[in-house]
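Survey of secondary and tertiary structure
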Amino acid sequence: MSSLAQKKGFGAFIWDYLTTVDHKKIAILYLISGGFFFLVGGLEAMMIRIQLMKAGNDFLSAGLYNEIITMHGTTMIFLAAMPLLLAFMNAVMPLQIGARDVAFPFLNSLGFWLFFFGGIFLNLSWFMGGAPDAGWTNYASLALASEGHGIDFYSLGLTISGFGTLIAGINFLVTIINMRAPGMTYMRMPLFTWTTFVASALILLAFPPLTIGLFFMVFDRLFDANFFVVEMGGNTIIWEHLFWIFGHPEVYILILPAFGIFSEIFAIFSRKRLFGYTALVFATILIGFYGFMVWAHHMFTVGLGPTANAVFALATMIIAVPTGIKIFNWLLTIWGGSISFTVPMIYAVAFIPSFVAGGVTGVMQAMAPLDYQLHDSYFIVAHFHYVIVGGVVLGILAGTHLYWPKMFGTMLSEKLGMITFWFFFIGFHLTFFIQHFLGLMGMPRRVYTFGADQGWDLFNMISSVGALFMAIGVLVLLVNVVLTQVKNVRVGNDPWGDGRTLEWAIPSPPPFYNFAQTPLVRGLDTYWIEKMEGNKEGMVYAEPLGDVHMPNGSIIPLIMSFGMFVAAFGALYFLDDTKPWALAVLIIGLGITFGSMLVRSLKDDLGFHITKEELIEDAKRGGNTDGLK
Amino acid sequence: MDLNKRYTAQSWPDHPETATLEGKNKFVGFWLLLAAETVTFASLFATYLALKDRGPDASEFTAAGLFELPLVFAMTMILLTSSLTSVYAMHHMKNHNFKAMQAWLGITVLLGLTFLGLEIYEFNHYVHLGFGFTTSAFSSAFFTLVGTHGAHVLFGLSWFIALMVRNSKRGLNMYNAPKFYLAALYWHFIDVVWVFIFTVVYLMGVIG
Amino acid sequence: MMKGLTNWRLFALMTALLVFLSGCGREEISTLIPAGKVAQDQFNLLILSTIVMTFIILVVSVIYVLAIVKFRRSKLGDDMIPEQVEGSAKLEFIWTAVPIVLLLILAVPTVYSTFDLADVTAMDSVNEEGEQNNLTVNVTAKLYWWEFEYPEQEVVTAQELVVPTDERVYFNLISADIKHSFWIPSVGGKLDVNPENVNKFYLEFDKESSELEDGVFYGKCAELCGPSHALMDFKVKSVDREEFDQWIAAMQEEPEPAADALAQEGEETFANSCIGCHAVSGSGSAGAVGPNLATFGDRNRVAGFMEHNEENLKKWIQDPQEYKPGNLMPDGETNNGGEPFSEQELDALAAYLMSLSVEE
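Please read all numbers here as calculations on a predicted model, not as lab measurements.

1. Section: the sheet that holds strand E4 (residues 160–164) of chain C
Residue and element names in this part refer to chain C. In space, the five strands of this open sheet follow the order E4-E10-E9-E6-E7, with mixed pairing throughout. Two strands lie at the open edges of the sheet, namely E4 and strand E7 (188–193), each paired on one side alone. Pairwise comparison of adjacent strand axes, ignoring direction, gives a mean angle of 25 degrees for this sheet. In this structure, E4 lies alongside strand E10 (residues 234–239), joined through five bridges in parallel fashion. Bridged to valine 162 within E10 is lysine 237. The strands touched by helix H5 (residues 241–252) are E4 and E10; relative to E4, the strand with the most contacts, the crossing angle is about 130 degrees.

Spelled out as structure tokens, the structure:
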């Protein structure tokens, strides 16, 4: 069967997305669902800021507030930031290395659906007896004491979506190791591909400890185990270790791809090769490596003893060095360039001072004795929002504008983009800068209210106003997206005019097979090299035009993930006396999952071939068919 | 890839598991998965060591009092032997000798089932002594660590059986060779984990 | 137009001034106004690191601003193709080496201070008579209140920690339920209160709390511990050694019976409804179900955070969940055997509780 065959209708369109194994469509799925959860998390953030707008406010009750902060953190990290970055990794990385797809297209789809069902499961807690309320860190003693099923939604939901992320990580690693086009040596890979590579390695090694911790939590709460039950010999500090052994690398899993996006942007919009490419690559690897050795700096106040605290303090400080290397190399990239202040570039330019501010407060907190004051105060809230919003979210917004044309073939409005940027950027600093001082003035984090006698009123008010600005910025972005897609003005291969890497050498959006002929890579910034040498086609080819092998779509990933989703409900209600059907649901769910796994493994799926003739035909039509139109 | 292509011992490649791009991808991907599995078990081991012998004040169960080495030593030998028989199977896979491969895999599965049976007997024995999953922090950590390994054994056996049944009629080709290879690799990994469990849980438990 | 601009400037200036003035917070709770050695050490580290970090920010900012001003495409022309520079080993070396030096400047005091602040070796030292040289306080955190036991003196109190100034006070911290964190911002950084192990550290109080506007330092729980985490406050009274000894002596005495009629009535009600959980004598040891009330009349707050008056006290007794959700105190109805306290009973209880005092 040729998938170039014409299919029509809305149903076929939906079915196509449900069964797709095409990395570009999966990217769009990640973008939409990540974007949706970003809005949900943003709404929760607004509620937090409304509650804290003035002393003694009663907009939210104490219990509800804890649910909202927990879901805000969990949603933003696991269901918004990570999938949005995975969207760009999926959309761009295979194109950057000249591959026709990822190594495991089926698993790519499975990874998405696991994340999706995990996220849905977690958020269903709102409608099924209450959301988790022990903070996104879910410290064990509080989590075990939490009533209702909120915490169970948290542990089971994150377990499922964590499997999805792990699968995505392995997939990207293998793709980069095995599927680079001829000539694409490691040291010619675009920096975004490099950061994808390192972030995936971090996912690979960081998610298992989280999964184990979550399993312990599930066992303790739902199957009467005693890992964290102090009276039964358990120890709650184990959770803290497992969580942060995951949690610290997680921060780098988020920030490294954002670094990658900014690296691309600085080079493109300065029209200049990245300064110190080698140093940037090694700094990325070093950051990833150190990321695993510093987890206990989240636990300075736990009472691990001065030796452990001193060692982890020093290890943490060292991370500032490779991060500094990156900052200076970016500065030197734009130095001597020809800077064009497009929306992606303005985000990148704004990122530098924002992230440096977040970085230096990070070093301050690495000083263990000082951290005794800063830990769990609003200072830390300010710090991590500076790195995550000032780094990751700015990176995601920049990436959205930069890669929108490559993903959708249309260009977001620059004018509205600027409006979004200014609202968001000013709002961001207004919200979080002042929070450093709130922390120093003694305000602990995660408080649902504060007294008028504490002296924190004014700064909290300012912070809330800032949040409103950010919300306006995001709304303008939504308008921008809608208007752009309604106008539907199509763009060419290299809409920014200064693309340097392979993805800009092919149509926007690319045909579903990406490259009719595998390119031959002749250096770093290969498209730029070809352009400068006057090559009209934008690349040289490593093979003659021939038949192309592509994988078949499949609905199995969705069914498999759905099985996990069902099983999670069974586990959730396992101990409830009123729900004797829980065990049956658990078995049915696992049956669906393992059954579809068996079907997948027993049924041969060899993919299909696009013939040379079809490729020539497609090229005549503009070469950007996605297999539907 | 052509499933109908017939291979002989001569035309069969030296490394069938990595002869195709799909095979290569699976090979690298599986090693990475094993890296993740290693971290998983490392977390379980660390937790076990932290909670070893910990229980409520009245708990009388300790590793030294509970574990008995002879049975576990027998289990270890059986699993190690099954690793060896899976090596033979892979040797025949590389020589394109399908029947011999199936035979050795069959022996591997039998040994694995014996191991699993003994493990179930062992767990059952502990439960009868009053040492169940919910008895103490120690018991939860023990059953989770060893039980997770047991679940891996079960999955490995199911994988072997599914492959053997599915391919019993059509023999080896470039599509299923990587699958056999990876199942065997997985089996070795399980075996290595058991060696650590034997050392850390049982030997150090009884002696240390 | 000009006038509008001036007004706007004035407004901006006023705002900036306001922000600056309130920038240090209240001295009862701000880490920026240290009132003890530990907080002072930590504040010094804050200043040191801020100086170093400001230097880094300045360097980055200068390069950054110059770059985005000098190399704008609108200035250079659309067709300019910059030179594709690969990098510079010399520069890479500089921006690797300089930060390392700066970090060393921070690392040395960090390591020194980490060990210094964790040094509790003197905690159990005794003099020739076998008395401890230093005061030790055992802190037990409970949902959502704090119990302070003075083991050597066999005194126990709750919610308001009383300590002597100008000497080291050692703390043993443990939680009776879930994890909390013990933090007196203006006196020193926090230490977690874990359910499974005792954490030890010391603090020094340089300033008498009577000099403060509110008369007490504010203490906080810094680790999310449930709905009323935000309200799990305690207060610290620091007094000179002489006054502290008097306070201990007063605590060790049996409480005097209530003086006036209303309070006597309250005492009876208390004996029927409250005494199961709350002790009114300060002598004893830790482990009570509810906070010790021996010093209630001397306290600064009701339930740790409400203004200290009879009105609030009565509201609290009648319906604790309303004010501190998730706390473990039964409501008035339960305590009174099925029906809410009458207004008369509440007045009596409040009068009695307010009369409980060990200070002159």
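2. Concerning a nonpolar patch on the surface
Residues and elements named next belong to chain A. A cluster of nonpolar side chains, contributed by Ile50, Met53, Phe59, Trp422, Ile426, Leu430, Met461 and Val465, occupies part of the molecular surface with about 640 Å² of accessible area. At the level of elements, helix H15 (414–440) and helix H16 (457–487) are the ones that each hand at least two residues to the nonpolar patch. Ranked by residues supplied to the nonpolar patch, first place goes to H15 with three residues. With respect to the element layout, isoleucine 426 can be found in helix H15.

3. Things to note about unusual backbone geometry
The amide bond that connects serine 508 of chain A to the next residue, proline 509 of chain A, takes the cis arrangement and shows omega of -15 degrees. Here proline 509 of chain A shows up in the loop between H16 and strand E1 (519–520). Omega for the bond connecting leucine 143 of chain C with tyrosine 144 of chain C falls within 30 degrees of zero, at -20 degrees, which places this linkage in the cis form. Checked against the element boundaries, tyrosine 144 of chain C lands in the loop between strand E1 (135–142) and strand E2 (145–150). Non-glycine residue asparagine 138 of chain A carries a positive phi angle of around 50 degrees. Residue placement: asparagine 138 of chain A occurs in the loop between helix H4 (105–124) and helix H5 (140–145). Using a relative accessible area of 0% as the deciding quantity, one classes asparagine 138 of chain A as buried.

4. Description of the nonpolar core
Grouped together as the largest cluster of nonpolar side chains are 358 residues, with contacts concentrated most on Phe142 and Tyr202 of chain B together with Tyr150, Phe171 and Phe182 of chain C. The element that contributes the greatest number of residues to this core is helix H3 (residues 62–96) of chain A, accounting for 22 residues. Membership of the second largest hydrophobic core comes to 21 residues, among which are Leu293, Leu313, Ile317 and Met354 of chain C.

5. Some points on the sheet that holds strand E5 (residues 168–175) of chain C
Residue and element names in this part refer to chain C. Strand order in the open sheet made by the five strands is E3-E2-E1-E5-E8, with mixed pairing throughout. The strands lining the two open edges of the sheet, one partner per strand, are strand E3 (155–158) and strand E8 (199–204). The mean angle between the axes of side-by-side strands here comes to 25 degrees, regardless of whether they run parallel or antiparallel. Of the pairings in the sheet, the one linking E1 to E5 comprises seven bridges and is parallel in character. From the neighbouring strand, alanine 141 faces E5, where its bridge partner is serine 175. Across the face of the sheet, helix H2 (residues 37–70) comes into contact with E5 and E8 while running at roughly 90 degrees to E8. Across the face of the sheet, H5 comes into contact with E1, E2 and E3 while running at roughly 95 degrees to E3.

6. Concerning the environment of tyrosine 154 of chain A
All names here are of chain A. Along the chain, the position of tyrosine 154 falls in helix H6 (residues 150–178). Overall, tyrosine 154 belongs to the buried group, its relative accessible area being 0%. Sequence-wise, tyrosine 154 and lysine 25 are 129 residues apart; in three dimensions their C-alpha atoms are separated by 28 Å. Separated by 2.6 Å, the side chain of tyrosine 154 and the backbone oxygen of tryptophan 136 make a polar contact.

7. Examining the interface of chain A and chain B
Often the size quoted for an interface is simply the accessible area lost on bringing the parts together. Each partner contributes residues to the interface: chain A has 38 residues there, and chain B has 37 residues. A combined buried area of about 2900 Å² lies between chain A and chain B, and 71% of that area is made up of carbon and sulfur atoms. For the interface between chain A and chain B, the tally reads two salt bridges. One salt bridge in this structure joins arginine 166 of chain B and aspartate 604 of chain A, with 3.1 Å as the shortest N-O distance. Applying the counting criterion to the chain A and chain B interface returns 11 residue pairs in polar contact (both at pLDDT 80 or more). Of all elements in the fold, only H6, helix H7 (191–222), helix H8 (237–270) and helix H19 (582–602) of chain A reach the threshold of two or more residues within the side of chain A that touches chain B. Counting residues per element, the side of chain A that touches chain B draws most heavily on H7 of chain A, at seven residues. Residue composition of the side of chain A that touches chain B, by class: 26 nonpolar, seven polar and five charged.

8. Quick word on the arrangement of the chains
If you rank the two pairs of chains in contact by how many contacts each has, first place goes to chains A and C. Separated throughout, chain B and chain C approach each other most closely at a C-alpha pair spaced 12 Å apart.

9. Topic: the pattern of salt bridges
All names here are of chain C. Taken as a whole and assessed by the stated rule, the structure comprises 34 salt bridges over all chains. The shortest N-O distance in the salt bridge between lysine 237 and glutamate 160 comes to 3.3 Å. Of this pair, lysine 237 sits in strand E10 while glutamate 160 sits in strand E4, and the two are 77 residues apart along the sequence. Judged on exposure class, the residue lysine 237 and its partner glutamate 160 are both buried. Measuring nitrogen to oxygen at the nearest pair gives 2.8 Å for the salt bridge that ties arginine 241 to glutamate 167. With arginine 241 in helix H5 and glutamate 167 in the loop between E4 and E5, this pair connects stretches of sequence that are 74 residues apart.

What counts as what
- The numbers attached to residues start from 1 for each chain and follow its sequence in the written order.
- Here the convention is simple: chains get letters from A, ligands get numbers from 1, in the order in which they are written.
- A pLDDT threshold of at least 70 governs which residues receive local features in this predicted model, and a stricter bar of 80 or more applies before side-chain atom pairs are shown or counted, although totals over entire chains, interfaces and linings include all residues.
- Processing note: side-chain calculations cover all non-hydrogen atoms of the structure and skip hydrogens and water entirely.
- Any two strands with at least two DSSP-identified bridges between them are counted as paired.
- Secondary structure elements follow DSSP: runs of H or I of four or more residues count as helices, runs of E of two or more count as strands, with numbering from the N terminus.
- As a rule, the C-alpha atoms of each element are fitted with a line to give its axis, helices using only the stretch in contact, and angles between N-to-C directions run from 0 to 180 degrees.
- We call two residues in contact when some of their heavy atoms are within 4.5 Å.
- Like charges within 9 Å and nonpolar side chains (Val, Leu, Ile, Met, Phe, Trp, Tyr) within 5 Å are joined into patches, using only residues over 30% in relative accessible area that form no salt bridge.
- Shrake-Rupley sampling with a 1.4 Å probe provides the accessible areas, and residues are treated as covered by the protein chains on show and by no other component.
- Every case where a carboxyl oxygen of Asp or Glu lies within 4 Å of a side-chain nitrogen of Lys or Arg is listed as a salt bridge.
- Three labels apply to residues, based on accessible area from a 1.4 Å probe with only protein chains included: buried if under 20% of the type maximum, exposed if over 50%, partly exposed otherwise in between.
- Note on terminology: a nonpolar core comprises buried Ala, Val, Leu, Ile, Met, Phe, Trp, Tyr and Cys residues joined through side-chain atoms within 4.5 Å.
- By the criterion applied in these results, polar contacts are pairs of N or O atoms within 3.5 Å in which, for protein atoms, one can donate a hydrogen and the other can accept it, and in which residues neighboring in sequence qualify only through two side-chain atoms.
- By definition, the buried area sums, over both parts, the 1.4 Å-probe accessible area that each loses when the two are put together.
- Any residue outside Ala, Val, Leu, Ile, Met, Phe, Trp, Tyr, Cys, Pro, Asp, Glu, Lys and Arg is labelled polar, Gly included; the first ten of those are nonpolar and the last four are charged.

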